[in-house]
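Here are the chains, one letter per residue:
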Amino acid sequence: MTTVFRNFIAGEFVPPAKAAPNLNPSNTNEVVGEYAQGTVEDLKAAVAAAKDAFPAWSRSNPQLRYDVLMKASNEVMARKEELGALLSREEGKTLPEGIGEVARAGQILSFFAGEALRLNGELVNSVRPGVGIEITREAVGVVGMITPWNFPIAIPAWKIAPALAYGNTVVIKPADLVPGSAWALVDILNRAGLPKGVLNIVMGRGSVVGQAMLEHPDVAAISFTGSVATGRRVAAACVAATPMKKVQLEMGGKNPLVVLDDADLSVAVECAANGAFFSTGQRCTASSRLIVTEGIHDRFVDALTERLKGLVVDDALKSGTHIGPVVDESQLGQDEKYIAIGRDEGAKLHWGGERLNRDNPGFYLQPALFTEVTNSMRIAREEIFGPVAAVVRAKSYDEALTIANDTEFGLSSGICTTSLKYASHFKRNSEAGMVMVNLPTAGVDYHVPFGGRKGSSYGPREQGAYAREFYTTVKTAYTLA
C-alpha cells in the first residue's frame, strides 16, 4: 500500500481527512506517496502550537539552536543520495541535480547553525550624559512560509534554518505539487531535538492552507516564493491584515545573458546551455533571454544548437540524462503555449520545442531555442519557466545593456566577455540583484544574499547573514546610569 504522509502539528503526526497522490513526472504511473491535504483547522492548530512554543524557543540557549541545526545538517548530508532520489522522483530534476540540491540544504542548515551563535548587538553612547543605549535583535514570532515546487528542499531549508536560528517558530506550507522533500526535512529537524510546536508543516492547497495562513492574526511574518501574481496578493493580504504582517517575497525573473563579440565562444555556450535549459529551465534565475552582439551571433547560435542536440532528455533517475521532464501537465501546457506564441509573434523556432515520448509516460519536452526575437515580444518579456530561450540580436554592448535592463524583472543577469572594461561596467550598471560574469545566471552560493530588484523581489534578502533582516526585529533600549 502507498504510504500516507501526515501533517506535523504540535510535535505529532496528525491523521488527515484526505490525502493526494504525489506523482513522478518521469513516470506518471508511479505514485511517490500520498500526502495530507490540510484544512483551515489544521492551519489554525499549527499556528496555535507555534505561538505557544515561541516564548521558550525565542529565549532558548543559542547552543541548543546550533545543536539542532547541526544535527539536522549532518543527517541531510548523510542521506543526500536517498533524499536526492526522492527529490528527483517528485520534481523531475536529474539525479545529480537532486543530490546537489539536498547537499545545498545541508550546507544551509550548517551555516545557520553558526548564525545562531553569531547574533549580536551594539552598545552605543547616547548624546545625553549618563544614558546608555543597547541595540539588540529579537525573533519576530510565528513565521508562515509558502514555498514553490522547483526547489523542493533547498528553499524550505533557506527559510526554515534562519527562522529557527534566530528564535522564531514556523508553520510551513510546501508546494502542493512536491510536498515530499519538505516533509522529509521537517521530519529530520524534528528528530534533531526541536521542542513541540517550534516547527510545523501543513500540506495542501494554497487557496485553503495558504489563504488561512495569510488571514491568521497570530502569524507575524510571511516568507513567500512563487509567481509575481500570487506574490502581489500575498503582499496585499499582509498589509491589510490586523496586525500587519512582515512580508518577504521572491518572485519571477526574465534573466538576460549578454554575449559580446569578444567572448570565449565555448564559455558562452556552456553558460547559455546550463543557465537556460538545465533543471528543465524551471529556475527563477534561468537565462531566458540570450542577448548576443552581431559579430558573434551566428557562430553562437550554431554552437549552442549543436550543444542542445547532444543533450539527453529522459527519466530524471536514468544515468546519462541531462534534462528531466517538466514538472507536470499544466506546466508543460504553459511551455507549449509560449512556444506557439513565439511563432505567432514572428520569432523563428530555430531548434526543438517538441513534446517527446520516452519509455515511461511523462512530461518530456525538447529544449526550444528561438532566434530573430525582439525584446518587445511576449516570449522575451513574460516568464515561461521552462526549457525555452530567446536569442535577441544587439548591435553593440551599449544596446545589449539597454535590452538587458528593459524588463519588469531584476533577479539575475550575466555577461560573457573577455573585456575587464565591459565586465566592470556591466556589474555596476545591470539592474539586477545578482550579476554573473562568464558564469550561468543560475547557480548561487548559500552564504551570501539572494534576491533581486523591481518585480522579482520585495522585502529583505534571503540567505547569508542578510537573512537576519527579515527574521529578526531591532530593539533599542535606553538606560539612565
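What you see is a predicted model; the values in this text were computed from it and never measured.

Novice: Quick question: what am I supposed to make of the sheet that holds strand β5 (residues 27–36) here?
Specialist: Strand-to-strand pairing in sheets goes through backbone hydrogen bonds, with the strands running parallel or antiparallel. Spatial strand order, β1-β5-β4: three strands in an open sheet with mixed pairing. Since the sheet does not close on itself, it has two edges, and those belong to β1 (4–5) and β4 (19–24), each with one partner. Note: β1 against β5, two bridges, orientation parallel. Opposite Phe5, over in β5, you have Tyr35 as the bridge partner. Helix α3 (residues 80–91) rests against β4 and β5 of the sheet, and its axis sits at about 110° to β5.

Novice: What exactly am I supposed to notice about the nonpolar core here?
Specialist: Side chains of a nonpolar character, in soluble globular proteins, are inclined to be buried together. Judged by nonpolar contacts, the single largest core of 66 residues is most densely connected at Ile160, Leu164 and Leu189. Ignoring sequence-local partners within four residues, the contact set of Ile160 consists of Met145, Val170, Ile172, Leu185, Val186, Leu189 and Leu199. Listed in part, the 30 residues of the second largest apolar core include Leu332, Tyr338, Ala368 and Tyr397.

Novice: Please clarify how unusual backbone geometry should be interpreted in this entry.
Specialist: In the segment running from Thr242 into Pro243, the intervening peptide bond is cis, with an omega of -5°. Even without a glycine there, the phi angle at Ala10 is positive, about 55°. By relative accessible area, which is 32% here, Ala10 ends up partly exposed. A positive phi angle, near 55°, is found at Thr280, a position not held by glycine. Mapped onto the elements, Thr280 comes out in the loop between α9 (265–277) and β14 (289–293).

Novice: What is the right way to read the pattern of salt bridges from this model?
Specialist: The final tally for this structure, using the stated rule, is 25 salt bridges. A salt bridge links Asp176 to Arg205, with the nearest nitrogen and oxygen atoms 2.8 Å apart. Of this pair, Asp176 sits in the loop between β9 (169–173) and α6 (180–191) while Arg205 sits in the loop between β10 (199–201) and α7 (206–215); the two residues are 29 residues apart in sequence, bridging distant segments of the chain. A relative accessible area of 47% means that Arg205 is categorised as partly exposed. Its salt-bridge partner being Asp314, residue Lys318 comes within 3.2 Å of it at the nearest N-O pair. Salt bridges sharing common partners tie together Glu75, Arg79, Glu82, Asp187 and Arg191.

Novice: I keep staring at the packing of aromatic side chains and nothing clicks. Help me out?
Specialist: Given two aromatic rings, one states the distance between the centres and the angle between the planes to describe the pair. Taken as a whole and assessed by the stated rule, the structure comprises ten aromatic pairs. Between Phe13 and Trp183, the ring centres sit 5.5 Å apart and the planes meet at 35°, which makes this aromatic pair tilted. Residue Phe13 is found in strand β3 (residues 12–14), and its partner Trp183 is found in helix α6; the two are separated by 170 residues along the sequence. Under the relative-accessibility criterion, Phe13 is labelled partly exposed at 30%. For the pair Phe111 and Tyr446, a centre-to-centre distance of 6.4 Å together with 75° between the ring planes defines the contact as edge-to-face. Note that Phe111 is positioned in helix α4 (residues 95–118) and Tyr446 in the loop between β22 (434–437) and β23 (453–454), a separation of 335 residues in sequence. The structure contains a cluster of three or more aromatic residues connected by ring pairs, namely Phe5, Phe8, Phe13, Tyr35 and Trp183. The ring of Phe151 is capped by Lys93, whose NZ or CZ atom sits 3.5 Å from the centre of that ring. Above the plane of the ring of Phe111 lies Arg118, whose end atom (NZ or CZ) is 5.5 Å from the centre.

What counts and how
- Residues numbered from 1 in each chain as written.
- Predicted model: local features only at pLDDT ≥ 70, side-chain atom pairs only at ≥ 80, totals over all residues.
- Heavy atoms only, no water.
- Pairing = 2+ DSSP bridges.
- Helix = DSSP H or I, 4+ residues; strand = E, 2+ residues; numbered from the N terminus.
- Contact = heavy atoms within 4.5 Å.
- Axes fitted to C-alpha atoms, helices over the stretch in contact; angles between N-to-C directions.
- Core = buried A, V, L, I, M, F, W, Y, C linked by side-chain atoms within 4.5 Å.
- Buried < 20%, exposed > 50% of the residue type's maximum accessible area, 1.4 Å probe, protein only.
- Salt bridge = Lys/Arg side-chain N within 4 Å of Asp/Glu carboxyl O.
- Phe/Tyr/Trp six-rings, centres within 6.5 Å; stacked < 30°, edge-to-face > 60°.
- Lys NZ or Arg CZ within 6 Å of the ring centre and 35° of its normal.

In short, geometric facts, not functional conclusions.
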